[in-house]
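Fold and geometry: a report
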Amino acid sequence: MHPLAQLDHDYAWHPFTQMRDWLRTEPILIERGRGALLHDVYGRRYIDANSSIWTNLHGHNHPRINQAIRRQLARIAHSSALGFANEPASLLAEQLVLAAQPPQAESTVRRPASLEPGSRLIAARPKIAKAFFSDNGSTALEVALKLAFEFSRRTLCIREPRFVSMAGGYHGDTLGAVSLGHIDLFHKAYSPLLFKTDSIMAPYCYRCPFNRAKPERIDARENRKCNWECLAQVEKVFRAQKRRRGPYSGFIFEPLMQGAAGMIPQPVGWLSKACGIAREQGALLVADEVMTAFGRTGTARGLQTAARASEPQSILASHQEEVSPDFVCLAKGLTGGYVPMAATLTTEPVFNAFLGRYEDFKTFFHGHSFTGNQIGAAAALASLKLLKDRSQVRARLQLERVFEQKLNTLWKRSRVGDVRRVGLVAGVELVKDWRTREPFALTDRAGIRVCERMARRGVLTRSIGNVIVLMPPYCTTAEQLNRTIEVLSRSIRDELGD
Ligand SMILES: *Cc1c(COP(=O)(O)O)cnc(C)c1O
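Residues numbered from 1 in each chain as written. Predicted model: local features only at pLDDT ≥ 70, side-chain atom pairs only at ≥ 80, totals over all residues. Heavy atoms only, no water.

**A closer look at a positive patch on the surface**
Positive charge collects at one region of the surface, where Arg 64, Arg 71, Lys 385 and Lys 388 lie side by side. For the positive patch, the elements supplying multiple residues, two or more each, are helix H4 (63–75) and helix H14 (374–388). (Patch = residues over 30% accessible without salt bridge, like charges linked within 9 Å, V, L, I, M, F, W, Y side chains within 5 Å. Areas by Shrake-Rupley, 256 points an atom, 1.4 Å probe, with all protein chains shown as cover. Salt bridge = Lys/Arg side-chain N within 4 Å of Asp/Glu carboxyl O. Lys, Arg positive; Asp, Glu negative; His and termini not counted. Charge placed at Lys NZ, Arg CZ, Asp CG, Glu CD. Helix = DSSP H or I, 4+ residues; strand = E, 2+ residues; numbered from the N terminus.)

**Here we look at the sheet that holds strand E3 (residues 45–48)**
Strand order in the open sheet formed by four strands is E1-E2-E3-E16, and the pairing between neighbours is mixed. Bordering the open sheet on either side are strand E1 (30–34) and strand E16 (459–460), each of which pairs with just one other strand. Across the face of the sheet, helix H17 (residues 478–496) comes into contact with strand E2 (37–40), E3 and E16 while running at roughly 95° to E3. (Pairing = 2+ DSSP bridges. Contact = heavy atoms within 4.5 Å. Axes fitted to C-alpha atoms, helices over the stretch in contact; angles between N-to-C directions.)

**So, the packing of helix H15 (residues 390–408) against H17**
Close contact between H15 and H17 brings their axes to 10 Å; oriented N to C, the two are set at 25°. Here H15 is positioned roughly parallel relative to H17, judged by the angle of their axes. Considering how the two elements wind past one another, H15 and H17 form a crossing that is right-handed. Packed against H15, whose contacting residues are Leu 399, Val 402, Phe 403, Lys 406 and Leu 407, the element H17 presents Ala 478, Leu 481, Asn 482, Ile 485 and Glu 486 at the interface. (Parallel < 35°, antiparallel > 145°, perpendicular 65-115°, else oblique. Left-handed = near helix turned anticlockwise from the far one by under 90°.)

**A word on helix H1 (residues 3–11)**
Considered for burial, the residues of H1 that qualify are Ala 5, Asp 8 and His 9. Looking straight down H1, one finds its buried side chains confined to an arc of 95°; they lie on one side. Exposed residues on H1 whose side chains face more than 90 degrees from its buried face are Pro 3 and Tyr 11. Contacts made by the buried residues of H1 are with helix H2 (19–22). (Buried < 20%, exposed > 50% of the residue type's maximum accessible area, 1.4 Å probe, protein only. Arc of directions from axis to C-beta.)

**Some details on the environment of Cys 275**
As for its position among the elements, Cys 275 is in helix H11 (residues 270–280). It is 47 Å that separates the C-alpha atoms of Cys 275 and His 9, two residues lying 266 residues apart in sequence. Other than its neighbours up to four places away in sequence, Cys 275 contacts Phe 251, Phe 253, Leu 285 and Val 323.

**With respect to the domain arrangement of the protein chain**
Domain annotation for the protein chain reports domain 1 (3–61 + 392–496) and domain 2 (87–388). In this structure, domain 1 and domain 2 have C-alpha centres spaced 27 Å apart. Summed over both partners, the interface of domain 1 with domain 2 buries about 3700 Å², with 58% contributed by carbon and sulfur atoms. By the criterion of area lost to domain 2, the three top residues of domain 1 are Trp 54, Val 422 and Arg 437, representing 19% of everything that side buries. Taken together, the links from domain 1 to domain 2 amount to one salt bridge. Glu 429 is paired through a salt bridge with Arg 207; the nearest N and O atoms lie 2.8 Å apart. The set of elements that each furnish at least two residues to the side of domain 1 that touches domain 2 consists of helix H3 (51–54), H15, strand E13 (416–422), strand E14 (425–433), strand E15 (438–439) and strand E18 (467–470). Looking at which element gives the most residues to the side of domain 1 that touches domain 2, the answer is E13, with seven residues. Counted by class, the side of domain 1 that touches domain 2 contains 22 nonpolar, eleven polar and ten charged residues. (Domains from an automatic or database assignment. Buried area = accessible area lost by both parts, 1.4 Å probe. Nonpolar A, V, L, I, M, F, W, Y, C, P; charged D, E, K, R; others polar.)

Below is the structure:
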């Protein structure tokens, strides 16, 4: 065993990892990376097929991001945002607020049907105006949660704010974020520590009880036969709450695709309809864009024209469904995946709810030591600049097409039940037989075994239960992407049978 791997075994504890299994084999120890490739200490090369757990956008060791970090480092690494401003954080706050504006082309405006106390302060299309920095996705959600809680009480006069999120949702691992989540396997053990939230039915067309379509060799969303019964369920939950206790303070959602739930995409139109209901019933919209932002889910309608007109481009998946949230949580890809940093974006009315005389103590009493860190902000600014580059936008669209075509080759495997892609994210759900959709038991470890085999063939990703996640960095070449899916296809065949 490599001496560094031995040290890891002796002293380190890994996240979301059964350490007894971990300690049985020598771990892959990453030494460096470039573009979409990772190199281990033995000089073996791997394709980074899940963007280092959904964080990386432009590839590793990118000269522009490296240079931005180096330049910043030569000045200062960190000074506190408690009491002081700094250059990169000021610039980044501006850039994020600009980039979070909805695309101009939009026209649909939804107004709440009835006016609740203070509800004129919830605009149908709120304007993002402020950025609050923190360090990771979970803290970005905690901030949104606390702000929404206080705003509801102070401004909307809701005495006991209550939140609703999507079934199967994942919003991080701190206790507030866990309270919003609905993945029993992760969350149940801590339930005595959590506050109560509600959940709405989340669309999962492949396994939806309302979907009357037989399994076909096509994305279940395309093939579905239903009458949006799921949305009727959603409406019921919102209405019941409003009748009994007044409106929900916030609806928390992962737009377009639920990540940790198993890469479960929403059919086109679902999000705008669900958010329409939430608004009508008086709830603030909290978009958890930790995974979906920064172009990961493809391009907002109008982004291609925006690229031509060199207008600021939307960075939000929510905008693809013409949803304008009151809160936006950003993390993972914010710095291009280089250093930990997060931001919670919100509106002027929310900001105003915390203004007052010092002795009113309306201050937002929340902060982290590394809030507004300069290295993170410098990396994020460089990443945002790359995202705007027109040739990058074109390359991303091109890569999406390659991804789509190549993913289609997976339908020939009878162990592949569903292949679902949104932009540059895909989930491949493994089943015992595609004709029956019969799932593998978790104890079969089907996903884990396929990923282990892929790793031996030089492709790294991580499964969620029986779902193999593919999320290439934007710099991935067509050849690398082809290879990734070849290796996945052969690994499924060799591990689970044809
Ligand atoms: C990863 C993730 C989080 C949590 O982010 P961390 O930085 O891991 O705390 C929250 N929400 C979504 C949708 C995520 O994918």
